[in-house]
Each structure stands twice: as structure tokens, then as C-alpha cells.
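Listed below are the residues making up each chain.
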Amino acid sequence: MGYNQGPQLVWWWIDGYVNFSNDQTPHVKQAIHQWFDWHRATQLPEYATWLSALRGQIDDPITPAQVCGWSEELRNITAPALDHAAQLGATLVPGLGEEQLRHIAQRYAKGNDEFRSDYLQPTVEERREASAQRTIKRIENLYGRIDDAQRRLIIDNTAASPFDPEAWLAERQRRQNEVLLTLRRLIAEPTETASIVDTLRTLIAHIQRSTDADYRAYQVKLTEYNCAFIARVHNSTNHHQRRHAHDKLKGWETDLRTLAHDIR
């Protein structure tokens, strides 16, 4: 249901950031519909195939290396979606105005306030509790109800995690500033569409690999910890929990295949 309403939902989300004019609106909506048509036909089958392969590997114990490998595979199969968005969005960039850039900056600020509320609670204990509860919710969504020992495993591991929300917020703000500066430059300097696409690709690359060396080192450390943590949680699960995860992945796979064949 959500995917079929995707074009409208994405329009609302993007317009909430940019506040498009009446003249811009039909062009933006057309680009969004073009992206979804392409994505439905070409990308959803790829995601379903990946889920099918993943489903075949979770009945047995797993290793941190496997988890990191799956993460890299997921990043690779979703990369074309971001790249196609850059191609379709490039023609829209020159039409943006300074007032719209200020609107984006204000929306960034609001999002950062929401981030602080969600991740930067007043005390370390409150942050750890919130992190543990988020993690438990995600794990139970996949594996079903967990027992007390697994809950303790999750609480202990989230407490020991190198996850640093302050560093994450600083990186978010760095990326936001880069986006605004880049858009302002592209608007001010007439540029060929192909060049704009390349510039947007650079912005996307910086989301995946920070321009800040210290943050890149932090990302590596956190990724390695999370891969080991996920493996520990999975290896603590019983047959019924793994069957729950298997069925959950199968359900997602079936949904994707159904959506891929539901030509609109």
C-alpha cells in the first residue's frame, strides 16, 4: 500500500523541504512518477532476488563477515536508485531559488531538533535506554518475541557500542551544509545537465563515505561492531525465531515481486 502511494508520499516529503512553486510542481511530480515507474520495473525484482538469497542463509549460525557482506550487497543493489534520482533531479536544480534554499535550511534545522530529541537525551543512561529499546523493537520485528537472556544481550551490547549520536549529528550538519553550498553554486553558475548529475553523484558518494577522515574511521569501527553484534543476536535465536525471520523475509520478497508485476 505504501509503495503504491509512493509518488504522492515522496512529493509531500520533497515539497516539505523545498516548497515548490506552481510552475515547478508538475515537472517535479513527473520526475517522481518516472523514477517510480523505472524503479518498479527494474529494481524491485533485484531486491526480491537478494532477499531470497538472504533467506536461504539465516537458518544456520552466521559470522560478522557475512553480516558485513550483506550490508555491502544491500548498498550496491540500492545504489542505482540513488543514481537514477540524481539523473532525473538534475534538470530541476537550476530552477530553484534562494527562498527555497532558505526553506531547505529551515527544514534541516527542524530535522536536527527532532534528531536531538530522539538520540540526544539529557543523560547517558537515558540515551542507552532509548538505543536499547529501538534495537529491541527492530530485532523483534524480524525474529519475533525475544527472551530475557536475549534482551540482556542487546542491552549490554548497545551499552558497549561505539555509536556516538553527537558525531552523527555533526556529520549530518556537515552534509547539509555541503548540499546547500552545492545547490547555491549550481544555481548561480549555468551548468550543463551532465555536469549537475556528476555533482549530485558526488553528494551521494559523500553520504556513503564521509569527507571527514575522523568520521570515516568512526564509521568503520561502528560498522565492524554492528556486524559482530548482529551475528551474536542471530546466533542466540532458536528455531522458532529463525523461522519467524525466514517468514518475514519471504513476505517482503513476495510483496516486492507482486509490486514489480503490478504495472501502473
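Throughout, a residue's number is its position along its own chain's written sequence, starting from 1. Since the coordinates come from a predicted model, pLDDT governs what is reported: local features require at least 70, and pairs of side-chain atoms require 80 or more to be given and counted, while whole-chain, interface and lining totals use all residues. With hydrogens and water set aside, each side-chain value is computed from the structure's full complement of heavy atoms.

## Some thoughts on the nonpolar core
Across soluble globular proteins, you tend to see nonpolar side chains buried next to one another. What counts here: Throughout, nonpolar core names a set of buried Ala, Val, Leu, Ile, Met, Phe, Trp, Tyr and Cys residues whose side chains join them through atoms within 4.5 Å. Exposure classes here rest on a 1.4 Å probe applied to the protein chains alone. A residue is buried below 20% of its type maximum, exposed above 50%, and partly exposed in between. In what follows, residue pairs with any heavy atoms lying within 4.5 Å of each other are defined as contacts.
Counting 53 residues, the largest nonpolar core has Leu44, Trp70, Ile104, Ile154 and Leu200 as its most contacted members. Excluding its chain neighbours within four sequence positions, the residues that come into contact with isoleucine 154 are Ala132, Thr135, Ile136, Ile139, Ile146, Phe229 and Val233.

## Some details on helix H1 (residues 6-18)
For clarity, the cut-off: To qualify as a helix, a DSSP run of H or I must reach at least 4 residues; to qualify as a strand, a run of E must reach at least 2; elements of each kind are numbered from the N terminus. The span one expects for a helix is its residue count, reduced by one, times 1.5 Å. To be clear, the arc concerns the directions from the helix axis to the C-beta atoms.
In a regular helix each residue adds 1.5 Å, so 13 residues correspond to 18 Å; H1 covers 18 Å between its end C-alpha atoms and thus fits that length. Taken residue by residue, H1 has Gly6, Pro7, Trp11, Tyr17 and Val18 as its buried positions. Looking straight down H1, one finds that the buried residues subtend no more than 130° of arc, so they occupy a single side. In H1, the exposed residues that point more than 90 degrees away from the buried face are Trp12 and Trp13. Where H1 is buried, its residues contact helix H2 (25-42) and helix H5 (98-119). Of the residues trailing H1, asparagine 19 is marked for its positive phi of about 60°.

## Here we look at the pattern of salt bridges
Under the convention used in this document: When a carboxyl oxygen of Asp or Glu lies within 4 Å of a side-chain nitrogen of Lys or Arg, that pair is called a salt bridge.
Across all of its chains, the model carries 15 salt bridges by this definition. For the salt bridge of arginine 243 with aspartate 247, the shortest nitrogen-to-oxygen distance reads 3.8 Å. Of the two residues, arginine 243 and aspartate 247 both sit in helix H11 (residues 239-261), four residues apart, roughly one turn of that helix. Taking the relative accessible area as the measure of exposure, arginine 243 reaches 35% and is therefore partly exposed. One network of salt bridges, with partners in common, ties together Glu98, Glu99, Arg102 and Arg184.

## Digging into the state of the cysteines
Selection criterion: Two cysteine sulfur atoms make up a disulfide if the distance between them is within 2.5 Å.
In total, this model carries one disulfide according to the counting rule given. One disulfide in the model links cysteine 68 with cysteine 227; its S-S distance is 2.1 Å. Across the S-S bond linking cysteine 68 and cysteine 227, the dihedral sits near 115°, which makes this disulfide right-handed. On the criterion of sequence distance, the pair formed by cysteine 68 in helix H4 (residues 64-89) and cysteine 227 in helix H10 (residues 213-235) is long-range, its members being 159 residues apart. According to the relative accessible area criterion, cysteine 227 is buried, its value standing at 4%.

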